[in-house]
Amino acid sequence: MSRQQTHKLAVVVLTAVAAIVVIPIILVILYVVWQGLPMLSWAFLTEPPRNGMTEGGIMPALLGTIILTFGTAIVSFPLSIATAIYLAEYAGDNRLTRWIRMAIVNLAGIPSIVYGLFGLGMFVLFLGFGTSIIAGSLTLGIMTMPVVISTAEEAILAVPQQFRTVSLSLGASRWQTIRYQVLPHALPGIITGIILGLGRAAGETAPILFTVAAFYLPELPRSIFDQTMALPYHLYVIATQVPGMPLQIQYGVALVLLLIVLSFTLVATLVRTQMRRRREW
Amino acid sequence: MAAANQPLDASIPPDEIAERRWGELIIEGVIRVAGISSIVIIALIFLFLLREGLPAFLDIPLRQLFGTRWYPIEEMFGLLPLLVGSLIVTVGAVAISLPLGLTTAIYLGEIAPPWLREILKPIIEVLAGIPSIVLGFLGWIALAPLIQNLGAPTGLTAFTGSLILAYMSLPTIISIAEDALYAVPKEYRDGALAIGATQWQAIWRVVLPAARPGLMIAVMLGIGRAIGETMAVMMVTGNAANIPSLGSGIFFQPVRTMTATIAAEMGEVAQGSLHYSTLFAIGIVLFLISFAINALAGRLVGVEGLRRSRGGML
Amino acid sequence: MTDPLIAVRNLYLTYADETEALRNVSLDIHRNQVFVLFGPSRAGKSTLLRLFNRLSDLIEGTQRRGEVLLAGRDIFAPEVNVSALRRRVSMVFAVPTPLPGSIYANITYGLKLAGVRSEEELGRRVERSLRQAALWDEVKDRLESSAFALSGGQKQRLCIARSLALEPEVILLDNPTSGLDPISTATVEESLYELKARYTIVMVPHSVQQAARVADNAAFLLDGELIESGPAARMFVHPQDKRTEDYITGRFG
C-alpha cells in the first residue's frame with residue numbers, strides 16, 4: 001500500500017470513528033425527546049404523582065430539584081467566589097497556596113457517591129440535620145465548589161493586570177480595586193461558572209441519595225429540615241423500583257431532567273458570548 | 001473646595017478614613033479564611049469517612065475483608081468482588097473511550113473542516129452535560145435489551161456499564177487530548193511534512209509521541225471518572241457481587257462495583273452496624289483511589305496542568 | 001536653597017530573583033520643575049519612578065534599603081496611608097490605560113474613592129483637569145462615551161487628566177509618549193510647561209532628545225546606579241562623567 005493510500009485510509013477511519021462518537025449522542029437526545037415529548041404538559045409538571053406514581057405528574061420532584069438548586073447556590077457561591085478571589089488576588093506563591101490548589105484538584109476528583117457518604121456522616125448524622133434539604137444542599141454545594149472556584153478564578157485572572165495597577169495608582173485600596181475594577185469585569189465568567197456548577201448539581205443523584213431524597217412524598221416540604229423528592233432520584237425510582245411503571249412517564253421525567261440540565265449549559269454559553277461581545281477592551 | 005480637598009491633605013495622613021478600613025479588614029479577613037476552606041473541607045471529608053468507616057477495618061479480620069465473598073446478610077464482607085467489578089468496568093470503559101476519544105480529537109484537530117468542527121464540538125460538550133442518571137436510564141431501558149439480543153444471557157453486564165461510562169468520559173478525553181495535540185509545537189509537524197511525510201505520518205510519528213504526557217492525563221482522569229461513577233453503572237451492570245470467571249466472556253457477565261454497592265445498600269443498613277461501616281470503608285477506598293490518581297497525574301503535569309485538565313472534566 | 005520635595009537617600013532595591021535594580025541611589029527633586037530620569041533600558045529608571053508612589057509594593061519579594069522622603073517624611077514608614085500617598089504622587093503609564101467606562105467615570109474614579117461626593121465638585125474637577133491636559137475641547141460633548149473610543153493621544157491625555165483631577169503634588173510620567181505620533185507627543189510635551197507651574201513632574205523620557213527638550217534637571221542612571229545628576233542645561237551640554245557623555249552622544253544605549 002502506498003503512502004498516499006495509507007493517508008486516504010486514515011482519513012476514512014478517522015471520520016468513521018468521529019461519526020461513531022457523535023451520532024449516538026444525537027440519537028440519545030432525539031430518542032429521549034421523541035419518547036418523552038408526548039408526556040410533556042402543564043398538568044405533568046404541576047400535578048403530584050398518583051396511584052403509586054403510575055399516574056399524575058412530577059410536581060414535588062420538580063419543585064424539590066429547584067429548591068435544591070437554590071440551596072446549592074446559597075452554600076456554594078459565597079465560599080467558592082471568596083476562594084477564587086483569594087487565589088487570584090491575595091495568595092502568594094507559597095506552600096499554603098499550593099496546598100489549597102491541591103485540595104481543590106482533589107475535591108474535583110472525589111466520586112459523587114463519596115460526597116453522599118460525607119453528607120450522611122457529617123450533616124445528616126453528626127450535625128443532626130436528618131435527611132433534609134439543608135443536608136442535601138450542603139452536600140451538593142460543597143461538591144460544586146471546585147468547578148465554580150476554577151471558572152471564577154480564571155475569569156478574575158482574565159481581567160487585564162493594568163486595570164489593577166491603574167486603580168491602585170489612583171489611590172484605590174486593594175479591596176476597592178477588586179470591588180470596582182476586577183469583579184465587575186470578571187462577572188460574566190463567574191456567572192458562567194456558577195450556572196455550570198448548578199447544572200451539574202441539578203442532575204446529580206448519588207450525593208442526594210442518603211442526604212435528602214425521598215422515595216415518594218406527595219406533600220411539599222415545609223422547612224429546610226424536611227425531605228424532598230428530586231427529579232434525578234425520582235427517575236431512578238420509577239425506572240428500577242416501581243413495577244408496572246408506564247414507560248411514557250419514565251421518558252417524560254428523563255426529558256424534563258435533560259431539558260433542565262441542558263438549559264443551564266445553554267444559558268451559561270449565552271451569558272459568556274453575550275458578555276464577551278459587550279466587552280470594551 | 002477646601003472641604004473636598006481634605007482627603008488629599010498635604011501631609012501624608014495616617015489612616016483617616018478609619019471606618020472604611022475596618023470594613024475592608026473584615027472583608028479581606030473573610031476572604032482569607034474562605035481561601036483555606038477547601039483544605040478544611042477535604043480534611044472533614046476524610047475525617048467523617050474515617051469516623052464511620054474505621055470500625056470495619058478494626059472489627060473485620062483483614063483476611064475476610066480481602067476475601068472473595070460479599071454477602072452482608074451472613075456477615076461476609078469480602079471487598080474483592082467489588083474491587084474486581086469496578087476494575088473490569090473501568091478497564092472496559094477506558095479500552096473503549098481512549099481510542100474513540102483520541103481518534104476523534106485527531107479528527108477534530110487535523111482533518112475536520114472548521115465549519116464541521118464548530119458543529120461537532122458543541123454536540124460533544126452537550127454529552128458532558130447529560131446527567132448520568134439519564135444515561136443510566138437509557139442503558140437500562142434501551143441498551144441492555146439490545147445487548148441481550150446480541151446473544152448474551154443478560155443485557156445487564158460489565159460491558160453495558162463500560163459502554164455507557166466510555167461515552168460519559170469521552171468529552172473529557174477528547175478535550176484534554178485536543179489540548180495536548182494542540183500544544184505540540186507547529187515546527188515539529190511542519191518539519192515532518194517538509195521531509196516528505198504525509199499528514200497522517202506526521203500525526204502518527206511526530207505529534208502523538210510529543211503529546212504523550214497530556215494523553216496520559218486524559219487516561220488517568222478517564223479512569224478516575226469511571227471508577228467513581230455511580231448511578232449509570234448501578235443501573236446497567238446487573239449488580240451481581242461475584243468474581244466473574246476469567247475468559248473471553250469476562251466483560252459480558254453481571255458485576256457489582258464499589259460505588260453501586262454503596263448506593264444500593266446504604267438505604268437498607270442499620271446505622272452503626274458492621275455492614276454500615278463497611279460501606280463507609282468502601283468510600284475510604286474510593287477516596288484514596290481518587291487521591292492516588294490525582295497524585296500520579298499531578299506528578300506528570302504539576303498541579304497547574306492538572307487544574308487546567310480538570311477544568312474540562314468538571 | 002529650599003528643601004527638596006522628594007529626597008532619595010542611599011536607596012538599594014533587589015528583586016526576588018536577586019537582581020539589583022538600584023544601587024546606592026541618592027538624589028533631590030525640587031518643586032515645580034520637570035525632573036528627568038534617563039539612561040539605557042534596564043538602568044532602573046522605571047523602578048525608581050514606581051518607588052516614589054510605592055507602586056513598587058506590587059512586586060513580590062523585593063528588598064529595599066535606604067529612604068525616600070516626601071516633604072521630609074519617609075514614605076515607607078509604617079503609618080503612611082499608601083492610598084493618600086498615591087493621590088499625592090500620581091502616575092501616568094507608558095501605555096495609555098483608560099479604565100473600562102466613560103471618560104467622566106475615568107476621571108472621577110480616584111476622586112470618588114478619595115471621598116469627593118458632590119456632583120458639582122466632581123464636574124468642576126473633570127472640566128479643570130481636562131482643560132489642563134488640553135483635552136477639554138475635544139471631549140466636552142461626549143463625556144459619557146467610552147474612554148476606549150478615544151485615539152491613542154487622546155487616551156494618554158485622558159490619563160494625565162485623570163491624575164490631575166486628584167490635585168497631586170507630584171506627577172510621575174513613565175515614558176508617556178512611547179506609543180504616540182509626533183504631533184500627539186508635541187501636545188503632551190507642551191502641556192508639561194504649563195503643568196510644572198502647579199505640579200512637580202518626574203519623567204522617564206522616550207529619548208535623550210526628549211529629555212533635553214523638557215528637562216529642568218536630570219539624572220543619568222546606568223545599571224541601577226546614579227552616574228550623575230544636575231541642571232539639564234549643564235548635563236546635556238557638558239556632562240561630567242564619560243559614560244554620560246557617551247550615552248548622550250549615542251555611543252551606546
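Residues numbered from 1 in each chain as written. Chains lettered and ligands numbered in written order. Predicted model: local features only at pLDDT ≥ 70, side-chain atom pairs only at ≥ 80, totals over all residues.

Engineer: Just checking my understanding: could you explain the overall build of chain C for this structure?
Structural biologist: Per the secondary structure count, chain C includes 10 helices and 10 strands. A compact globule built from 253 residues would reach a C-alpha radius of gyration of about 18 Å, and chain C, at 18 Å, matches this within 12%. In terms of its C-alpha atoms, chain C occupies a principal-axis envelope of roughly 55 × 45 × 40 Å. Within the span of chain C, comprising 253 residues, buried residues form 45% of the whole. By sequence separation, contacts in chain C at least 24 residues apart represent 70% of the contacts at least 6 residues apart. (Helix = DSSP H or I, 4+ residues; strand = E, 2+ residues; numbered from the N terminus. Rg over C-alpha atoms; globule rule 2.2 N^0.38 Å. Buried ≥ 20, exposed ≤ 12 C-beta atoms within 10 Å, placed from the backbone. Contact = placed C-beta atoms within 7 Å.)

Engineer: Would you explain the overall build of chain B in this entry?
Structural biologist: When helices and strands are counted, chain B shows 14 helices and 2 strands. Buried positions account for 47% of the 314 residues belonging to chain B. Across chain B, the fraction of contacts at a sequence separation of at least 24, relative to all contacts at a separation of at least 6, is 75%.

Engineer: Honestly, helix α4 (residues 95–109) of chain A in this entry has me stumped. Any pointers?
Structural biologist: In an α-helix, one turn spans 3.6 residues; hence positions three or four apart end up facing the same way. For α4(A), built from 15 residues, the straight-helix expectation of 21 Å at 1.5 Å per residue is met to within 8% by its first-to-last C-alpha distance of 21 Å. The set of residues buried in α4(A) consists of Ile100(A), Arg101(A), Met102(A), Ala103(A), Ile104(A), Val105(A), Asn106(A), Leu107(A), Ala108(A) and Gly109(A). (Expected span 1.5 Å × (residues − 1).)

Engineer: Looking at this model, I keep getting lost on the nonpolar core. Mind explaining?
Structural biologist: Most often, soluble globular proteins have nonpolar side chains that are buried together. In this structure, Leu235(A), Ala254(A), Leu257(A), Ala177(B), Val36(C), Leu172(C) and Val202(C) are the most contacted members of the largest nonpolar core, which totals 260 residues. Both of domain 1 (3–39) and domain 2 (42–278) of chain A provide at least three residues apiece to this core. For Ala177(B), the residues in contact, after removing those within four places along its chain, are Gly101(B), Leu102(B), Ala105(B), Gly214(B), Leu215(B) and Ala218(B). (Core = buried A, V, L, I, M, F, W, Y, C linked by C-beta atoms within 7 Å. Domains from an automatic or database assignment.)

Engineer: When you look at the interface of chain A and chain C in this model, what are you seeing that I'm missing?
Structural biologist: Interface extent is often summarised as the accessible area lost during association of the parts. If you look at the interface, chain A gives 17 residues, while chain C gives 21 residues. At the level of secondary structure, the elements contributing two or more residues to the side of chain A that touches chain C comprise α7 (161–169) and α8 (174–203) of chain A. For the side of chain A that touches chain C, the element with the most residues is α7(A), which contributes 7 residues. Grouping the amino acids of the side of chain A that touches chain C by side-chain chemistry returns 6 nonpolar, 10 polar and 1 charged. (Nonpolar A, V, L, I, M, F, W, Y, C, P; charged D, E, K, R; others polar.)

Engineer: Is there a simple way to think about the packing of helix α5 (residues 112–126) of chain A against helix α6 (residues 133–157) of chain A in this case?
Structural biologist: If you want to describe how two helices pack, look at the angle between their axes and the distance between the axes. Residue and element names in this part refer to chain A. The N-to-C vectors of α5 and α6 enclose an angle of 135°; their axes lie 9 Å apart at closest approach. Judged by the angle between their axes, α5 and α6 are oblique. The element α5 and its partner α6 pack so that their crossing is right-handed. Contacts between α5 and α6 involve Ser112, Tyr115, Gly116, Phe118, Gly119, Phe123 and Val124 on the former and, on the latter, Ala135, Leu138, Thr139, Ile142 and Met143. Across the contact of α5 with α6, the residue classes break down as 8 nonpolar, 4 polar and no charged. (Axes fitted to C-alpha atoms, helices over the stretch in contact; angles between N-to-C directions. Parallel < 35°, antiparallel > 145°, perpendicular 65-115°, else oblique. Left-handed = near helix turned anticlockwise from the far one by under 90°.)

Engineer: Can you help me understand the interface of chain B and chain A in this one?
Structural biologist: Of the residues lining the interface, 70 residues belong to chain B; the matching set on chain A comes to 73 residues. Within the side of chain B that touches chain A, the residues separate by chemical class into 45 nonpolar, 18 polar and 7 charged.

Engineer: Would you mind showing me how to read the packing of helix α7 (residues 132–149) of chain B against helix α8 (residues 158–182) of chain B here?
Structural biologist: Residues and elements named next belong to chain B. One way to put it is that α7 packs onto α8 with a least axis distance of 10 Å and a crossing angle of 135°. Between α7 and α8, the interaxial angle falls into the category oblique. The hand of the α7/α8 crossing is right-handed. For the pair formed by α7 and α8, the contact residues are Ser132, Leu135, Gly136, Gly139, Leu143, Ala144 and Ile147 on the first element and Phe159, Thr160, Leu163, Ile164 and Met168 on the second.

Engineer: Please clarify how unusual backbone geometry should be interpreted in this entry.
Structural biologist: All names here are of chain C. Even without glycine at this site, Glu18 takes up a positive phi of about 80°. Within the element layout of this structure, Glu18 appears in the loop between β1 (6–14) and β2 (20–29). Judged by C-beta crowding, with 8 C-beta atoms within 10 Å, Glu18 ranks as exposed.

Engineer: What am I meant to see in the environment of Asn32(C) here?
Structural biologist: Residues and elements named next belong to chain C. Tracing the sequence through the fold places Asn32 in the loop between β2 and β3 (34–38). We classify Asn32 as partly exposed; it has 14 C-beta atoms within 10 Å. It is 7.2 Å that separates the C-alpha atoms of Asn32 and Ile201, two residues lying 169 residues apart in sequence. The contacts of Asn32, once residues within four sequence positions are left out, are Lys196, Ala197 and Thr200.

Engineer: What is the right way to read the pairing of β3(C) from this model?
Structural biologist: Here is the key point about a regular strand: its side chains alternate between the two faces of the sheet. Residue and element names in this part refer to chain C. Counting buried residues in β3 gives 5 out of 5 residues, a clear majority hidden from the surface. Here β3 shows a buried face lined by Val34, Val36 and Phe38 and a second buried face lined by Phe35 and Leu37. Taken together, the 3 bridges between β3 and strand β8 (residues 200–204) define a ladder with parallel strand orientation. Following the sheet pairing, Val34 is matched in β8 by Ile201. Bridge count for β3 against strand β9 (residues 217–222) is 4 bridges, and the pairing is parallel. Paired with Leu37 across the strands is Ala219, a residue of β9. (Pairing = 2+ DSSP bridges.)

Engineer: How do you make sense of the environment of Pro185(B) when you look at a structure like this?
Structural biologist: Here Pro185(B) is to be found in the loop between α8 and α9 (186–194). With 25 residues separating them in the primary sequence, Pro185(B) and Ala210(B) have C-alpha atoms 8.9 Å apart.

Engineer: How should the confidence of the model for chain C be read in this particular structure?
Structural biologist: When pLDDT is low, close inspection of the predicted coordinates is not appropriate. Mean pLDDT over chain C stands at 90; residues scoring 70 or higher make up 99%. We note a pTM of 0.88 for the whole complex and an ipTM of 0.91 for its interfaces. (pLDDT = per-residue confidence, 0-100.)

Engineer: So what exactly am I meant to see when it comes to the pairing of strand β4 (residues 63–70) of chain C here?
Structural biologist: All names here are of chain C. As paired strands, β1 and β4 are joined by 7 bridges and run antiparallel to one another. Directly across from Val8, in β4, lies its bridge partner Val68. As judged from the 2 bridges shared by β4 and strand β5 (residues 73–74), these two strands associate in the antiparallel manner. Opposite Leu69, over in β5, you have Asp74 as the bridge partner. Turn length for the β4-β5 hairpin, with the two strands adjacent in sequence and antiparallel, is 2 residues, and the turn residue Ala71 shows positive phi of about 50°.

Engineer: What am I meant to see in the environment of Gly179(C) here?
Structural biologist: Residue and element names in this part refer to chain C. Inspection of the secondary structure puts Gly179 in the loop between β7 (170–174) and α7 (182–195). Taking the C-alpha atoms as reference points, Gly179 and Ile59, separated by 120 residues in sequence, lie 24 Å from one another. Excluding residues that lie within four positions of it along the chain, Gly179 makes contacts with Val95, Pro96 and Gly152.

Engineer: Would you mind showing me how to read the confidence of the model for chain B here?
Structural biologist: Residue and element names in this part refer to chain B. Taken residue by residue, chain B gives an average pLDDT of 83. The fraction at 70 or more is 89%. Averaged pLDDT values for the elements of chain B fall to 36 in helix α1 (residues 2–5) and rise to 94 in helix α3 (residues 37–59). Counted against residues more than four places away or in other chains, residues 1–16, with its pLDDT under 50, gives 23 contacts.

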